[in-house]
Amino acid sequence: MQAAALMVVLAVLSLAGSGSAQLRYGFYKGRCNSSDVEAVVQSIVKARFAREASIVAYLLRLQFHECAVNGCDGGLLIDGPGTEKTAGPNLSVKGYDLIAAIKSELEKRCPGVVSCSDIEILAARDAVALAGGPAYAVRNGRRDRRRSLASDVRLPGADYTAAQTAAYFSRLGMSPFETVALLGAHTVGGTHCSAIKNSRLYRYGGKAGATDPSMDPAVASVYKRYLCPNVSSSDGNAVFLDDQWSAVKVDNHYYKKLQLRRGVLQCDQNLYSDGSTRGIVDQLAGNNGTFLSAFGQVLVKLSEVNVLTGAQGEIRKVCNKFN
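Residues numbered from 1 in each chain as written. Predicted model: local features only at pLDDT ≥ 70, side-chain atom pairs only at ≥ 80, totals over all residues. Heavy atoms only, no water.

Operational definition: UniProt positions are given in the numbering used here, feature names are shortened, and annotations may be inferred rather than shown by experiment.
Taking an unreviewed UniProt entry as the reference, the chain is identified by name as Peroxidase belonging to Urochloa decumbens. Its UniProt record gives the chain a comment under Catalytic activity (unreviewed entry), which states: "2 a phenolic donor + H2O2 = 2 a phenolic radical donor + 2 H2O". In its Subcellular location (unreviewed entry) section, UniProt records this for the chain: "Secreted".

Re the UniProt feature "binding site: Ca(2+) 2" (unreviewed entry) in the chain
Operational definition: Counting from the N terminus, the helices are the DSSP runs of H or I reaching at least four residues and the strands are the DSSP runs of E reaching at least two. Between buried and exposed lies partly exposed: a residue is buried under 20% and exposed over 50% of the maximum accessible area for its type, with that area taken using a 1.4 Å probe on protein chains only. Should any heavy atoms of two residues lie within 4.5 Å, those residues are considered in contact.
Here the UniProt-annotated "binding site: Ca(2+) 2" (unreviewed entry) positions come out as T187, D243 and D251. The greatest C-alpha distance among the annotated residues, which extend across 65 residues, is 11.4 Å, indicating that they converge on a single site. Along the polypeptide, T187 turns up in the loop between α7 (176-182) and β1 (190-192). The class for T187 is buried, based on a relative accessible area of 0%. When residues no more than four places from it in sequence are discounted, the contact partners of T187 are D242, S246, A247, K249, V250, D251 and Y254. Here D243 shows up in the loop between β2 (238-240) and α10 (253-259). On the basis of relative accessible area, D243 is assigned to the partly exposed category, the value being 26%. When near neighbours in sequence (up to four residues on either side) are disregarded, D243 contacts H253 and K257.

Quick word on helix α9 (residues 217-227)
Test applied: The reported arc concerns the directions from the helix axis to the C-beta atoms and nothing else. Counting of polar contacts relies on pairs of N or O atoms within 3.5 Å, with two restrictions inside protein: one atom must be capable of donating a hydrogen and the other of accepting it, and residues adjacent in sequence are counted only when both atoms are side-chain atoms.
All of the buried residues along α9 are V219, A220 and Y223. In a view along the axis of α9, the buried residues occupy a sector of 100 degrees, so they form one face of it. The outward face of α9, more than 90 degrees from its buried face, is lined by the exposed residues P217, R225 and Y226. If you follow the buried residues of α9, they end up packed against α8 (197-202) and β2. The N-capping residue of α9, defined by a side-chain oxygen 3.0 Å from the backbone nitrogen of A218, is D216.

Re the packing of helix α3 (residues 55-68) against helix α13 (residues 288-303)
How two helices pack is summed up by the angle between their axes together with the distance between the axes. The condition that has to hold: Orientation is described by lines fitted to C-alpha atoms, with helices fitted over the stretch in contact, and by angles between N-to-C directions that extend from 0 to 180 degrees. Oblique is the label for any angle not covered by the other classes, which are roughly parallel (under 35 degrees), roughly antiparallel (over 145) and roughly perpendicular (65 to 115). By definition, turning the near helix anticlockwise from the far helix through less than a right angle yields a left-handed crossing, and turning it clockwise yields a right-handed one. Any residue outside Ala, Val, Leu, Ile, Met, Phe, Trp, Tyr, Cys, Pro, Asp, Glu, Lys and Arg is labelled polar, Gly included; the first ten of those are nonpolar and the last four are charged.
Following both chains from N to C, one finds α3 and α13 inclined at 40 degrees, their axes separated by 10 Å at the closest point. Our classification of the angle between α3 and α13 gives oblique. In this structure, α3 meets α13 at a crossing whose hand is left-handed. Only F295, L299, L302 and S303 of α13 make contact with α3, whose side of the interface consists of L60, Q63, F64 and C67. Counted by class, the contact of α3 with α13 contains 6 nonpolar, 2 polar and no charged residues.

Describing the environment of N306
Here N306 shows up in the segment after α13. The exposure class assigned to N306 is partly exposed, which follows from its relative accessible area of 23%. Taking the C-alpha atoms as reference points, N306 and C72, separated by 234 residues in sequence, lie 6.6 Å from one another.

Laid out in structure tokens, this is it:
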């Protein structure tokens, strides 16, 4: 997942006790005529995954960017000038078309029933399971917020220290362990050379020609020679955050890369360089089952940040504009 996908807003949000308490399992049972809402979402996601496995990374990133700003409320989906979608960190977010397709199908079956914010969470959940991740259950009943402002979007860069990262995610109610588990979404992610050329390859610490000493020199050499040469034309070249053979699998290989000093983003490698989080990386690298369990739990926790429920907000007719 791209770097910013796993970062969440500095200025936000505690877990919303009253809102999340009103979410429940099986919320849509019997509410969509004869249709099973979760089965409809799963079917459409499965069809997309079959032809485009990268949809997993897109949907995970979409969930992070969504829930990071004012909570999991559908604000990122809104089109128009000055909306969250137009903020710099969101310009490369993908997956909107799949959310729209799911919404369109559900509107045919039961108009005005299923929120766009619930669709986002369900779609990400189903994509994770299709990629070998945990098949976790989520509670539903979110409603869509009538707010979407680019000025609300504050996403940190990819150079955070482990302490900065832990402090940042603590504002979302995440423990250090949950933070490191959440960053495991980079197991299916990617970024671009522009995210690492100055910070890690050519101007580490602001010094011309300096390479980050925490990066395996052999890996740095490959990046500099082949993938991210020091010319502007390489800025947009894609870089997998996990090894390419594992980049469409939800597994713990990402942590094993950190142990080998082969993390791509500085914020990732810093998790292993710092003694306060190194043990957590080792724990998750050592047992894929432990990672999968933790990853599912932390995604559920993220999905319930500052939600609207009951009579709050609205159920949009289409996801890219307010009613």
